[in-house]
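Chain by chain, the residues:
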Amino acid sequence: MNHKQLENYILSKPGSWLDYPFGEDVAVYKVGSKETGKMFALIPDGSDPARVSLKCDPLLAEKLREEYVTVMPGYHLNKKHWNTIIADGLVPEDYLYSLVDLSYRLVVESLSKAEQDLLSK
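As a starting point, this report considers the structure included with it.

Conventions we followed
Residues numbered from 1 in each chain as written. Predicted model: local features only at pLDDT ≥ 70, side-chain atom pairs only at ≥ 80, totals over all residues. Heavy atoms only, no water. Axes fitted to C-alpha atoms, helices over the stretch in contact; angles between N-to-C directions. Helix = DSSP H or I, 4+ residues; strand = E, 2+ residues; numbered from the N terminus. Parallel < 35°, antiparallel > 145°, perpendicular 65-115°, else oblique. Left-handed = near helix turned anticlockwise from the far one by under 90°. Contact = heavy atoms within 4.5 Å. Nonpolar A, V, L, I, M, F, W, Y, C, P; charged D, E, K, R; others polar. Pairing = 2+ DSSP bridges. Buried < 20%, exposed > 50% of the residue type's maximum accessible area, 1.4 Å probe, protein only. Salt bridge = Lys/Arg side-chain N within 4 Å of Asp/Glu carboxyl O.

### Re the packing of helix α1 (residues 3-11) against helix α3 (residues 93-110)
Their axes nearest at 10 Å, the elements α1 and α3 cross at an angle of 40°. Between α1 and α3, the crossing angle belongs to the class labelled oblique. In terms of crossing hand, the pair formed by α1 and α3 is right-handed. Along the contact surface, α1 presents Gln5, Leu6, Tyr9 and Ile10, while α3 presents Leu96, Tyr97, Val100 and Asp101. Across the contact of α1 with α3, the residue classes tally to six nonpolar, one polar and one charged.

The following block contains the structure:
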């Protein structure tokens with residue numbers, strides 16, 4: 001899976017948007033307002049195959065790291081809550097998309113009730 005395929009799926013999430021707060025080398029995908037948006041996915045530009053960092057439930061994060069050699073603790077992120085996944089096909093595409101969904105949902109749940117309400121409209 002390449003960066004563009006992942007990006008298209010990530011940006012299909014309601015209220016998601018692209019930012020480059022760490023410089024042009026890392027695409028950061030956020031949800032919420034421009035002022036208070038929170039990141040739920042990161043993809044370093046130029047990674048081939050794509051590498052995506054996603055927020056995850058801590059217990060599931062550990063299980064995924066044990067099950068897949070291409071899933072590792074989040075690069076430059078809180079290792080308890082983030083995984084970096086090499087999208088080389090070892091993690092099945094539909095499962096990777098479900099992990100994007102989980103990351104998005106976890107971050108949306110951390111937004112204020114007012115922001116959550118805006119996303120549901």
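### Things to note about the sheet that holds strand β6 (residues 82-86)
An order of β1-β2-β3-β4-β6-β5 is seen for the six strands of this open sheet, with the pairing classed as antiparallel. Of all the strands in the sheet, the pair left with one neighbour each is β1 (16-19) and β5 (71-73). Adjacent strand axes in the sheet meet at a mean angle of 25° when their direction is disregarded. Direction of pairing for strand β4 (residues 51-55) relative to β6: antiparallel, over a ladder of five bridges. The residue of β6 that forms the bridge with Arg51 is Ile86. Relative to β4, α3 is tilted by about 40°, and along the sheet it contacts β2 (26-31), β3 (38-44), β4 and β6.

### Re the side chain of His3
Of note, His3 is situated in helix α1. In this structure His3 comes out as buried when scored by relative accessible area, which is 18%. Residue contacts for His3: discarding those within four places in its chain leaves Ala27, Tyr29, Ile43, Pro44, Asp45 and Ala50.

### Examining the pattern of salt bridges
Across all of its chains, the model carries five salt bridges by this definition. Note that Glu7 is salt-bridged to Lys4, the shortest N-O span being 2.9 Å. In this pair, Glu7 and Lys4 both sit in helix α1, three residues apart, roughly one turn of the helix. We classify Glu7 as buried; its relative accessible area is 8%. Residue Lys113 is joined to Asp117 by a salt bridge in which the shortest nitrogen-to-oxygen separation is 3.1 Å. Taken together, the residues span about one helical turn, with Lys113 and Asp117 both in helix α4 (residues 113-119) at a distance of four residues.

On their own, these measurements won't tell you what the molecule is for.
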